[in-house]
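What follows is the residue order along each chain.
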Amino acid sequence: MKGYSFLSLARQALNRHQGWPVAWRTPELKKNYDVVIIGAGGHGLATAYYLAKNHQIKNIAVLEKGSLGGGNTGRNTQITRSNYFWPQSAAFFDHSLKLYEGLSRELNFNVMLSQRGLLTLAHSLHELEGIQRWANAIRINEIEAEILSPIEVKKLVPLIDIDCRFPVHGGFIQRRGGISRHDAVVWGYARAASAYGVDIIQQCEVTALNIQSGRVTGVQTTRGTIGADKISIAVAGHTTELARMADFRVPITSMPLQAMVSEPIKPCLHTVVMSPVIHMYVSQSDRGELVIGGGADLYNSYAQRGGIPLLQENIAAVLELFPAFTRLRLMRQWAGIVDITPDTSPVMGLTPLQNLYISGGWGTGGYKAIPAGGDTMAYTIVHDEAHPLIEDFGLARFETGALIDEGAASGVSH
Amino acid sequence: MLRIDCPWCGTRDEVEFSFGGESHLTRPTLDASDAVWSDYLFNKDNPKGIHFERWMHRFGCGRWFNVARDTLTHEIHAVYEMGAAKPDLAVKDPDS
């Protein structure tokens, strides 16, 4: 891999940008791999990258039924944060945020991480107490969180109306939280993994798993059968469908999560603003678009579009808090299918089948977990044992009852 | 927007209804193992296709009923009462 640098940019500029090498290879599919990863989204590609980098496994295929990063990795609202309530979640997601903080350098690819702060609002005294409890739990988890008064909120976000139908009683901010560019994250991992020799195979859908006496031996795909010593599933909303191929059941419901962007405007919002109770969050991308999201449509769906009622509710909440935004037009609206678990924490680690691993149940918050998800799953695949950071996130918790009921997982309540 | 045909009130917009998750679940006996209870409580069918599910007409008659809905197209194939068996949808295949 030729590194990107100021020098390479200057050289290419003199060359009229005609000589840039392709970012990742388009290899021929081999008959056998040490590890096959199903799903070339952020989690799948990060897993492949850390397998190659940290564990020196190079004979890896990442299979993708559509195009690289075209699922939820390209559909989320690119927020990174680690303001979680329970110690297990905080440890895992802060590991992820720390990896994000060094990711541009690590991948030699600018992921445009902007730690502009993530503000969570309270609209009543009860909510303020709830938010104080949440912020204190974060501090106990050794992650910073700062309570802000309504005046401080107004100072930070001048366009906000703190005296509206949902009066702002205060909030808390995680200053290390923020946004990054989701496409850059997936492209960066793809490029770095490909340079290690990982085969990224697009337009290759897995149709069945080959299983022999409780052990997976390969996958059947639309491009033929592939043998694999180990297989890992990272398919977001379609986790249940993959688990069905392996004949086990998962505690997952697939639902659409909508997002939308406005037309681009000059910088006016310098923080990510979230309101868990009125179901909205908004940030401004580097392109100037306001990126808006809210709660999930609360019924099973695999249709990658959201319902109008929820969209209306979401927009109404944003406009109530930011009256100036009423003049904007929406440019795009879309939905991704998210796999939500009963405790809104992910399902990671081993499965009932030998040599089959799972990384799913990311629900509405998988993007921020990409680096740590890849890092810990790579360890789990190599050692056939859950990484210490994800021990508690296994499927077994639904039988033992040790759920990690993470209300903070979604950022908005469901 | 779903348009749901409440068996008692007629066709209304989805905002009047609450979703109640998968239907036709049978509570295990009290001496069931942890694995059986866990499966009953947490695991879902979550199909990509026809889903048999419960809805309640929250801002209407307040009654529960079953719906057979395609999770890929959102098309509602059948509405039937609580306690009734799953309808045979073979004759209602949209492609036929």
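Residues numbered from 1 in each chain as written. Chains lettered and ligands numbered in written order. Predicted model: local features only at pLDDT ≥ 70, side-chain atom pairs only at ≥ 80, totals over all residues. Heavy atoms only, no water.

A. Local environment of unusual backbone geometry. All names here are of chain A. For Met-112, which is not glycine, the phi torsion reads 55 degrees and is therefore positive. Assignment of secondary structure puts Met-112 in the loop between α4 (103-107) and β4 (118-122). Located in the positive-phi region is Ala-236, a residue other than glycine, with phi close to 50 degrees. Along the chain, Ala-236 turns up in the loop between β11 (224-233) and α8 (239-245). A residue is classified by how much of its surface remains accessible, and Ala-236, at 25% relative accessible area, is partly exposed. (Helix = DSSP H or I, 4+ residues; strand = E, 2+ residues; numbered from the N terminus. Buried < 20%, exposed > 50% of the residue type's maximum accessible area, 1.4 Å probe, protein only.)

B. A look at the confidence of the model for chain B. Per-chain confidence: chain B averages 93 in pLDDT, with 94% of residues scoring 70 or above. Here the predicted complex carries an ipTM of 0.92, next to a pTM of 0.95. (pLDDT = per-residue confidence, 0-100.)

C. Molecular detail of a negative patch on the surface. A cluster of acidic side chains, namely Asp384(A), Glu385(A), Glu391(A) and Asp392(A), defines a negative patch on the protein surface. With respect to the element layout, Asp384(A) can be found in the loop between α10 (370-383) and α11 (397-400). (Patch = residues over 30% accessible without salt bridge, like charges linked within 9 Å, V, L, I, M, F, W, Y side chains within 5 Å. Areas by Shrake-Rupley, 256 points an atom, 1.4 Å probe, with all protein chains shown as cover. Salt bridge = Lys/Arg side-chain N within 4 Å of Asp/Glu carboxyl O. Lys, Arg positive; Asp, Glu negative; His and termini not counted. Charge placed at Lys NZ, Arg CZ, Asp CG, Glu CD.)

D. How the structure looks around the packing of helix α2 (residues 42-55) of chain A against α10(A). All names here are of chain A. Two elements in contact, α2 and α10, have axes whose closest approach is 7 Å; the angle formed by their N-to-C orientations is 55 degrees. Considering their axes alone, α2 and α10 lie oblique with respect to each other. You can see that α2 and α10 cross each other, and the crossing is right-handed. Contact residues: Gly-42, His-43, Ala-46, Thr-47, Tyr-50, Leu-51, Asn-54 and His-55 in α2; Ile-370, Pro-371, Gly-373, Gly-374, Asp-375, Met-377, Ala-378, Tyr-379, Ile-381, Val-382 and His-383 in α10. (Axes fitted to C-alpha atoms, helices over the stretch in contact; angles between N-to-C directions. Parallel < 35°, antiparallel > 145°, perpendicular 65-115°, else oblique. Left-handed = near helix turned anticlockwise from the far one by under 90°. Contact = heavy atoms within 4.5 Å.)

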